[in-house]
Amino acid sequence: MSVKYTIGKIAEVTGGQLVGVSFDVVSRLVFDSRMVFEPEGVLFFALKGGHNDGHRYVSGLFERGVRNFVVDITFRISDELREAAFIVVPDTLKALQQLATLHRARFHIPVVAITGSNGKTIVKEWLAQVLDGVEKVTRSPRSYNSQIGVPLSVWQLNAASTIGIFEAGISVPGEMPRLEEIIHPTIGIITNIGTAHQENFLSIEQKLHEKLKLFARAEVVFCSFDQRMIYDAVSTLYPDKTILTWGRNSGASLQLLSVNRDYSTQLKLVWGEETFVVDLPFTDAISVENVMPVVLFLLYRGFAFSDIAARVSQLQPVAMRMEQKEGINGSLIINDSYNSDFTSLEVALDFLNQQGLKKGGGRTLILSDMFQTGLDDSVLYPRVADLVQAKGIDRFIGVGNEISRFASYFRSGDTFYTSTEALIQALPGFSMRNEAILIKGSRAFAFERVSALLEQKQHATVMEINLNALVNNLNVFRERLKPGTKVLAMVKAFGYGSGSFEIASALQHQKVDYLGVAYADEGMELRQAGITVPIMVMNPEEKSFGQMLQYNLEPEIYSFKLLEAFNKAVMDYGADSVNIHIKVDTGMYRLGFFDDDADEIVKCLRKMTHLRVRSLFTHLAGTDEEVHDDFTRHQLALFERFCQQLEKGIGYKFMRHALNSAGIERFAAQQYEMVRLGIGLYGISATKDVRLSNVATLKTYISQIKTVRPEATIGYGRAGKVPTGGKIAVIPIGYADGLNRHLSNRMGEVLIGKHLVPIVGNVCMDMCMLDVSGLDVSEGDEVIVFGDNHPFTVMASKLNTIPYEILTGISRRVKRVYFRE
Ligand SMILES: *Cc1c(COP(=O)(O)O)cnc(C)c1O
């Protein structure tokens, strides 16, 4: 059913030059090397993003069997790669877009494009939900709405599709016409216009006009009547198009008369002369905004009021991301209730596959019947069965009548249950240990009950780690490096408090060259959890040498005593050649040889034939501050002299490295062969680099709210007062979680919604109190201790310390929860 093109055809469409042998047929476009498991039919586009370069992954993919590539003219096709087909183009992204444009042109079906500042994904998902059973919808997976996401989305159109629904998002002027060309919408929806992604636009008007270019060839445009700026712009720009509007103001094509909130939200609506009511199963205001274009769309398509009401009452929430949680018995739970189409299953399985496996654990997929896939069951489930096989799922559990009917397409060991209830009954019989478990269910199956059973019970306070942000930050730093400079990522101290294994696993996937840990134990845990990248141990203790050799951990050698001892351990162990890293102290006065020890080291090393110097490095004491720049240069000069002496003495080359995160930003010329990246991964920049993103969010919830009498005192030592009365909120986080007690008595602030709220009274061991007087807050509300809009750097400066201490000080009892957007 999926569309196939020959390589020759694609070369022709993209105007590329075809180099190599294969004339394969391709059906799958990939730009992210992690998304390749079954190489057959894959065409890999080596895209150069702002931060990353896909060409770097070509040879690795070739080894994994991929044979079709689109590369740009700067790529040198080495002899080993001659057995593959290369389409060489000036601009690989443009080629991807051209191909998608051609593909789109083959379909003569309605195509809806959605743009706007907020709500695009929800409106798209809800449209797909309400059209279920009537149309075969092909839509953007997740929020694939960028210059890359849009072509990949459009590529999903296939012979069965009866309607396409795609999102389009832009961040700089000039991007929309390209998206318009690819999507070629016949129907346009603009949800709203706000200040999101405003940085690159002169004004909101400019951004709006840019967005509206998406509708150049559409016949119908849907927009809000209340956001006057949008309506005016649409009617001026497109006087000849049909414009359908929604809003509270009279004059809107679909007018919202009243909103009545109870356990659901009743909307009283007017369409033409007629009034009707729909019952929205949500009670928040944003959902009301988002459902209006959905209802309007159904009206436009001729649905009856009663049918619309029935469909809207069945709407399901749209979870925006995959969540990763710690599960029972060392397992890892990935929860994806986002949507249940085939592509999102692929995306989720790829995410599952990125998880390094723990020893003795396998990969489990629990999957329900899938709706809204745009495919017939008889096509869908055999395909799912193939996918399960191809992606190396060890244990498959299918839930639902439909999927069970196709059990024979699956492997003999796979299990099926007709209902969630039946699975829950059987669950204790599965011994899940150290497993990575992907739970993916359509809403009707209420799989949250399954995941609740598999999750480890949580202390309500969690630290969320945004793995996309981590990868982004890595790439921002990489962009500062010369091609070929290696990256050692520091994951010491529980990955700067963010978790060792999960962070290391994400970094390994991004192909960092080395990981650095403080102690051998940390390295050993990473190895046991399945991390294979070379690991340097900065503080190797003699008693751990055996362990280090066994787990292939490479020591930092900083003294003659250590050198002798390690050499002896290597001989006892009987290893042939072991990598070591020599550390020279050029002025930090921490671990390291002195700068005049070079000759002596050479003498030793000549005798120690089993040791191989893999690198020589030093640590700089003040790279983040200009006042120390002369000293930094002095350290670097000593280091270079030492490097030369050592190289001359031992007669072979080794890697040299000196820069930490701030050093990479401020002394790029001294990156040598490798750099050591640490805090920068978590979004901290010595040069205020705005491209970095926050990674860690410490959040908790309000346990209780209390009204306070004017004379009352709050907490231990009676230190807290809310002088005019008011109310306080108790939150379950205290100094034992890493909330420093110096934040007591209004020193510290947390974020509730948009409000910064002070801590009142003394911070207790497991709790503290907030002054929430005058604020509209409720028990159970989320409280951000630090996060994207309330950076931990603020807390650090209040406490007169550095951001490192804040992150590493969050105690281990606070669960780390990982997610990717
Ligand atoms: C921690 C550490 C780094 C990383 O420093 P950041 O400032 O976090 O980038 C680099 N090198 C050594 C030796 C370290 O101990």
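Residues numbered from 1 in each chain as written. Predicted model: local features only at pLDDT ≥ 70, side-chain atom pairs only at ≥ 80, totals over all residues. Heavy atoms only, no water.

Caption draft 1: Helix 4 (residues 120-131), seen in detail. In a regular helix each residue adds 1.5 Å, so 12 residues correspond to 16 Å; helix 4 covers 17 Å between its end C-alpha atoms and thus fits that length. Burial runs high along helix 4: 12 of the 12 residues are buried. On its buried face, helix 4 sits against strand 8 (111-115), strand 9 (137-139), strand 10 (163-167), strand 11 (187-190), helix 9 (285-300) and helix 10 (305-313). Positive backbone phi, approximately 90°, marks Gly 133, located one or two places after helix 4. (Helix = DSSP H or I, 4+ residues; strand = E, 2+ residues; numbered from the N terminus. Expected span 1.5 Å × (residues − 1). Buried < 20%, exposed > 50% of the residue type's maximum accessible area, 1.4 Å probe, protein only. Contact = heavy atoms within 4.5 Å.)

Caption draft 2: Structural view of the sheet that holds strand 14 (residues 254-261). The 9 strands lie next to each other as 9-10-8-11-12-13-14-15-16, forming an open sheet whose pairing is mixed. Either end of the sheet is taken by a strand with one partner, and the two such strands are strand 9 and strand 16 (274-280). Averaged over all neighbouring strand pairs, the angle between strand axes comes to 20°, with direction disregarded. Taken together, the 3 bridges between strand 9 and strand 10 define a ladder with parallel strand orientation. In the strand pairing of strand 10, Arg 139 is matched with Ile 165. (Pairing = 2+ DSSP bridges. Axes fitted to C-alpha atoms, helices over the stretch in contact; angles between N-to-C directions.)

Caption draft 3: Quick peek at the sheet that holds strand 6 (residues 68-72). Overall, mixed pairing links the 5 strands, which are arranged 2-7-6-5-4 in an open sheet. A single partner strand is all that each edge strand has here, and the edge strands are strand 2 (17-20) and strand 4 (28-30). Pairwise comparison of adjacent strand axes, ignoring direction, gives a mean angle of 25° for this sheet. Sheet analysis places strand 6 next to strand 7 (residues 85-89), joined by 5 bridges and oriented parallel. Each bridged residue has a counterpart across the sheet, and for Asp 72 the counterpart in strand 7 is Val 89. This element, helix 1 (residues 7-14), spans strand 2, strand 5 (42-45), strand 6 and strand 7 of the sheet and lies at about 5° to strand 7. Taken strand by strand, helix 3 (residues 92-105) contacts strand 4, strand 5, strand 6 and strand 7, and its axis lies near 140° from that of strand 5.

Caption draft 4: Region of interest: the site of the ligand. Taken together, Met 490, Lys 492, Tyr 496, Met 538, Arg 590, His 619, Asn 660, Ser 661, Arg 676, Gly 678, Ile 679 and Tyr 804 form the complete shell of residues around the ligand. One of the side-chain N or O atoms of Asn 660 is found 3.4 Å from an oxygen atom in the ligand. Ser 661 is positioned such that a nitrogen or oxygen atom in its side chain is 2.4 Å from an oxygen atom of the ligand. About the coverage of the ligand: the protein hides 95% of its 390 Å² of free accessible area. Each residue belonging to the shell around the ligand can be placed in one class, and the counts come to 5 nonpolar, 4 polar and 3 charged. (Near = heavy atom within 4 Å. Polar contact = N/O pair within 3.5 Å; in protein donor to acceptor, adjacent residues only side chain to side chain. Areas by Shrake-Rupley, 256 points an atom, 1.4 Å probe, with all protein chains shown as cover. Nonpolar A, V, L, I, M, F, W, Y, C, P; charged D, E, K, R; others polar.)

Caption draft 5: Representation of the domain arrangement of the protein in the model. When its domains are assigned, the protein resolves into domain 1 (5-92), domain 2 (107-313), domain 3 (322-457), domain 4 (464-682) and domain 5 (696-820). A C-alpha centroid distance of 35 Å is found between domain 1 and domain 2. (Domains from an automatic or database assignment.)

Caption draft 6: Local environment of the nonpolar core. By size, the foremost hydrophobic cluster in this structure holds 117 residues, and its most contacted members are Leu 507, Leu 515, Leu 770 and Phe 786. In terms of domain composition, this core takes at least three residues from each of domain 4 (464-682) and domain 5 (696-820). Apart from the residues lying within four places of it in its own chain, the contact partners of Leu 515 are Leu 488, Ala 489, Val 491, Ala 504, Leu 507, Leu 526, Ile 531, Val 533, Pro 534, Ile 535 and Met 536. (Core = buried A, V, L, I, M, F, W, Y, C linked by side-chain atoms within 4.5 Å.)

Caption draft 7: Molecular detail of the packing of aromatic side chains. On inspection of all chains with the given rule, the structure shows 23 aromatic pairs. When the centroid spacing of 4.7 Å and the interplanar angle of 15° are considered together, the rings of Phe 396 and Phe 410 count as stacked. Taken together, the residues span a long stretch of sequence, with Phe 396 in strand 20 (residues 395-399) and Phe 410 in the loop between helix 13 (401-405) and strand 21 (415-417) at a distance of 14 residues. Accessibility expressed as a relative area gives 1% for Phe 396, which makes it buried. A relative accessible area of 8% places Phe 410 in the buried class. In this structure an aromatic cluster arises from ring pairing among Phe 44, Phe 69, Phe 75 and Phe 86. Taking NZ or CZ as reference, Arg 67 lies 3.9 Å from the ring centre of Phe 62, over its face. The cationic tip of Arg 812 hangs over the ring face of Phe 494; the distance from NZ or CZ to the ring centre is 3.6 Å. (Phe/Tyr/Trp six-rings, centres within 6.5 Å; stacked < 30°, edge-to-face > 60°. Lys NZ or Arg CZ within 6 Å of the ring centre and 35° of its normal.)

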